[in-house]
Amino acid sequence: MFDAKTTCVVVVGAQWGDEGKGKLVDVLAERADFVVRYQGGANAGHTVVIGDSHFILRQIPSGILHAQVTCIVGNGVVLEPETFFGELDQLAERGIDTTGRMLVSDRAHLVLPFHKLLDAASEKSQQLGTTGRGIGPAYEDKYGRRGIRVTDLRHLDCARAVLTDRVHRANRLLELMGSAERASLTEHAALLERWAPRLLPLAADTGLVVHRAVRGGKRVLLEGAQGALLDVDHGTYPYVTSSTTTAGGAAVGAGIGPTAIDDVLGVVKAYTTRVGNGPLPTEAESPLDVRLRELGGEFGSVTGRPRRCGWFDATVVRYAVRVNGLTGLAVTKLDVLDSFAEIPVCTAYRLDGSACEEIPAEVDALGRVDPIYETHEGWREPTGGARTLADLPRAARAYLDRLEALSGAPVRYVSVGTRRDQIIEV
């Protein structure tokens, strides 16, 4: 992935999230100098397995497990300090020293307790399937130009004045939404005072740090959260997240120009999953959905919610290739399909009786499509021990070749298990 001409790489999800980006970033970070998380918040959960140890990282970039990597939470992230501090403490308890290797953009916005109250109240009426972490309301405040940023902790008197208005506004909204919950100004002010001494030593103009790293030839990974089909502009709106999950958001969220980016790697599962509400055209019927869920361990790393499971949707991935400008794919969880005699792949849709090769903008229309499937021979033998493409069964290689042809981007990595060593570089 990295070479003399490729020093800045974006890793994005190319489905509905949960594709295995954390593992890919962890593996690629072995050759990186910086890993930057550029959007989302504590609603993301990236799982990395090292030996018998599982690390679930919500806000800290997945590269933190490599001692040579400096990790950055970019300005595009909405930061929940309590969760962030908890992650740092857990890493320290498990022997991971982050001293001098963790920076936070002073332009990043803070997720406050009243954001979570608003999120919960909103979810009761909208039923969008949010994680309830306050991400949406925090982004609303950011774009409404009423957010509180990390840099505001440097001037607590001014921050408290702003906070007073924000808490009162939140309580008015909660009342209008019929919620009995109310935010406490005293508790919010105390939080800012507690956060400042620990957060400010990590705060920096991280856009400048990343810019200098790229200009200096350092190897930089830009790590996204969620997936392309959850993008607020390009996803299955309104069943989307509140940030730009596509590669276009990487430059903005990291604080650099788009011409700094050399490569965009899209991560996809060998099948398809989705958490929460919204259309999933290739959702498998029971008991196949249950079988995929159990084999793949398809439960949210943040929420624990069971993921909806279905077959590989090439229409979705082609769309992700286009809107992200993907230069390559990483196919994860190929081993989950090891026991299937036949494996369907969706090549296109039929919408109201007509062929449809693109994703319709209307979420209702996407919910009505009928997938057009082709069936592939399963390999019915374990792939977890494969370390090269040649080690894979013939039918598994043929399956990957077909995914590559249908998607329009070359397969560059294949994951056949949860461990670091269970990844094939093509």
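None of these values were measured; they are calculated from a predicted model. Every chain is numbered on its own, with residues counted from 1 as its sequence reads. Reporting in this predicted model follows two pLDDT cut-offs: at least 70 for local features of residues, and 80 or more for side-chain atom pairs to be given and counted; totals over whole chains, interfaces and linings ignore these cut-offs and use all residues. Only hydrogens and water are set aside; all other atoms, that is, all heavy atoms of the structure, feed into the side-chain values.

### Focus on the sheet that holds strand E2 (residues 34-37)
Worth spelling out the cut-off: When DSSP finds two or more bridges between a pair of strands, those strands are recorded as paired. Every helix listed is a DSSP run of H or I at least four residues long, and every strand listed is a run of E at least two residues long, numbered separately from the N terminus.
Across the sheet, which stays open at both edges, the 10 strands sit in the order E9-E7-E5-E2-E10-E1-E11-E15-E19-E20 with mixed pairing between neighbours. Edge strands, defined here as strands with exactly one partner in the open sheet, are strand E9 (203-204) and strand E20 (423-425).

### What about the nonpolar core?
The test is simple: Buried Ala, Val, Leu, Ile, Met, Phe, Trp, Tyr and Cys residues form a nonpolar core when they are joined through side-chain atoms within 4.5 Å. We call a residue buried when its accessible area falls under 20% of the maximum for its residue type, exposed when it is over 50%, and partly exposed in between, using a 1.4 Å probe and counting protein chains only. Throughout, a contact is declared for two residues whenever any of their heavy atoms are within 4.5 Å.
Counting 72 residues, the largest nonpolar core has Val-10, Val-220, Leu-222, Leu-292, Leu-334, Leu-337 and Tyr-399 as the members making the most contacts within it. If you tally residues by element for this core, the top one is helix H10 (residues 314-324), at 7 residues. In contact with Tyr-399, not counting residues within four places along its chain, are Ala-270, Phe-312, Leu-334, Leu-337, Ile-343, Val-345, His-376 and Trp-379. Judged by nonpolar contacts, the second largest core, of 58 residues, contains Val-9, Val-11, Val-35 and Leu-110.

### Focus on the pairing of strand E16 (residues 342-351)
Extensive coverage of E16 is indicated by the burial of 8 of its 10 residues. Across 2 bridges, the pairing between strand E14 (residues 312-313) and E16 is parallel. The partner of Phe-312 across the bridge, within E16, is Val-345. The sheet contact formed by E16 and strand E18 (residues 370-377) spans 8 bridges and is antiparallel. Within E18, the position partnered with Ile-343 by the bridge is His-376. Sheet topology note: the E16/strand E17 (residues 354-356) ladder contains 3 bridges and is antiparallel. Residue pairing for E17: Arg-350 is matched across the bridge by Ala-355. Hairpin connection, E16 to E17: the antiparallel pair is bridged by 2 residues, and Asp-352 has positive phi, about 50 degrees.

### Quick notes on the pattern of salt bridges
Keep this limit in mind: Think of a salt bridge as a Lys or Arg side-chain nitrogen and an Asp or Glu carboxyl oxygen that are within 4 Å of each other.
Going through the model one piece at a time under the given rule, you end up with 28 salt bridges. As a salt-bridge pair, Arg-307 and Asp-18 come within 3.4 Å of each other at their nearest N and O atoms. Taken together, the positions of Arg-307 in the loop between helix H9 (288-296) and strand E13 (308-310) and Asp-18 in the loop between strand E1 (8-13) and helix H1 (21-28) put the pair 289 residues apart, joining distant regions of the chain. By relative accessible area, Arg-307 is classed as buried at 7%. Note that Glu-80 and Lys-116 form a salt bridge whose closest N and O atoms lie 2.3 Å from each other. Placement of Glu-80 in the loop between strand E6 (78-79) and helix H2 (81-93) and of Lys-116 in helix H3 (residues 113-126) is noted, with a sequence separation of 36 residues between them. Glu-80 gets classed as buried once you look at its relative accessible area, which sits at 4%. Connected via shared salt-bridge partners are Asp-18, Lys-269, Glu-298, Arg-307 and Lys-333.

### Points about the packing of helix H5 (residues 156-176) against helix H6 (residues 185-199)
When two helices pack together, you describe them by how their axes are tilted relative to each other and by the distance separating the axes. Stated precisely, the cut-off is as follows: Every axis in this analysis is a line fitted to C-alpha atoms, fitted for helices over the stretch in contact. Angles between the N-to-C directions lie between 0 and 180 degrees. Handedness of a crossing is defined here by the sense of rotation of the near helix relative to the far one, left-handed for an anticlockwise turn of less than a right angle and right-handed for a clockwise turn. The residue classification treats Ala, Val, Leu, Ile, Met, Phe, Trp, Tyr, Cys and Pro as nonpolar and Asp, Glu, Lys and Arg as charged. All others, Gly included, are polar.
Two numbers describe how H5 lies on H6: the axes approach to 10 Å, and their chain directions differ by 145 degrees. Remark: the crossing between H5 and H6 carries right-handed chirality. Residues Leu-156, Ala-159, Arg-160, Leu-163, Thr-164 and Val-167 of H5 touch H6, and the partners they reach there are Leu-185, His-188, Ala-189, Leu-192, Glu-193 and Ala-196. Considering only residue class, the contact of H5 with H6 consists of 8 nonpolar, 2 polar and 2 charged.

### Observations regarding unusual backbone geometry
The peptide bond linking Tyr-237 to Pro-238 adopts the cis configuration, its omega dihedral lying at 10 degrees. In this fold, Pro-238 is placed in the loop between strand E10 (220-223) and helix H8 (248-254). Cis peptide bonds are those with omega within 30 degrees of zero, and the linkage from Ser-286 to Pro-287 qualifies with 10 degrees. Although it is not a glycine, Arg-145 sits at a positive phi angle of roughly 60 degrees. With respect to the secondary-structure elements, Arg-145 resides in the loop between helix H4 (135-143) and H5. Its identity is not glycine, yet Arg-380 carries a phi of approximately 50 degrees, on the positive side. Here Arg-380 shows up in the loop between E18 and helix H12 (394-407). Of the residues examined, Arg-380 reaches a relative accessible area of 59% and is grouped as exposed.

### Overview of the pairing of strand E5 (residues 70-73)
Burial along E5 is two-sided: Thr-70 and Ile-72 facing one way and Cys-71 and Val-73 facing the other are all buried. Here 3 bridges tie E5 to strand E7 (residues 102-105), and the two strands are oriented parallel to one another. Bridge assignment links Val-73 to a residue of E7, and that residue is Val-104.

### Some points on the packing of aromatic side chains
The line we're drawing: Stacked, edge-to-face and tilted are the three classes for Phe, Tyr and Trp ring pairs, Trp counted by its six-membered ring, which pair at centre distances within 6.5 Å; planes under 30 degrees apart are stacked, over 60 edge-to-face, the rest tilted.
Applying the stated criterion to the full structure yields 4 aromatic pairs. On the basis of an interplanar angle of 50 degrees and a centroid distance of 6.0 Å, the ring pair of Phe-84 and Phe-85 is categorised as tilted. Each member of the pair, Phe-84 together with Phe-85, is buried. A centroid spacing of 5.7 Å and a plane angle of 55 degrees characterise the contact between Trp-379 and Tyr-399, whose relative ring orientation is tilted.

### Considerations on the environment of Ala-396
The residue Ala-396 is located in helix H12 in this model. Ala-396 sits 27 residues away from Ile-423 along the chain, and the two C-alpha atoms are 15 Å apart. Excluding anything up to four places from it in sequence, Ala-396 contacts Leu-334 and Trp-379.

### Considerations on the packing of H2 against H6
Condition: Geometric relationships in this document are graded by angle, where less than 35 degrees denotes roughly parallel, more than 145 denotes roughly antiparallel, 65 to 115 denotes roughly perpendicular, and other angles denote oblique.
Here H2 crosses H6 at 40 degrees, and the two axes come no closer than 11 Å. As judged from the angle between their axes, H2 and H6 are oblique. The element H2 and its partner H6 pack so that their crossing is left-handed. Note on element contacts: H6 touches H2 through Leu-191, Arg-194, Trp-195, Arg-198 and Leu-199, opposite Pro-81, Glu-82, Phe-84, Phe-85, Leu-88 and Asp-89. Across the contact of H2 with H6, the residue classes break down as 7 nonpolar, no polar and 4 charged.

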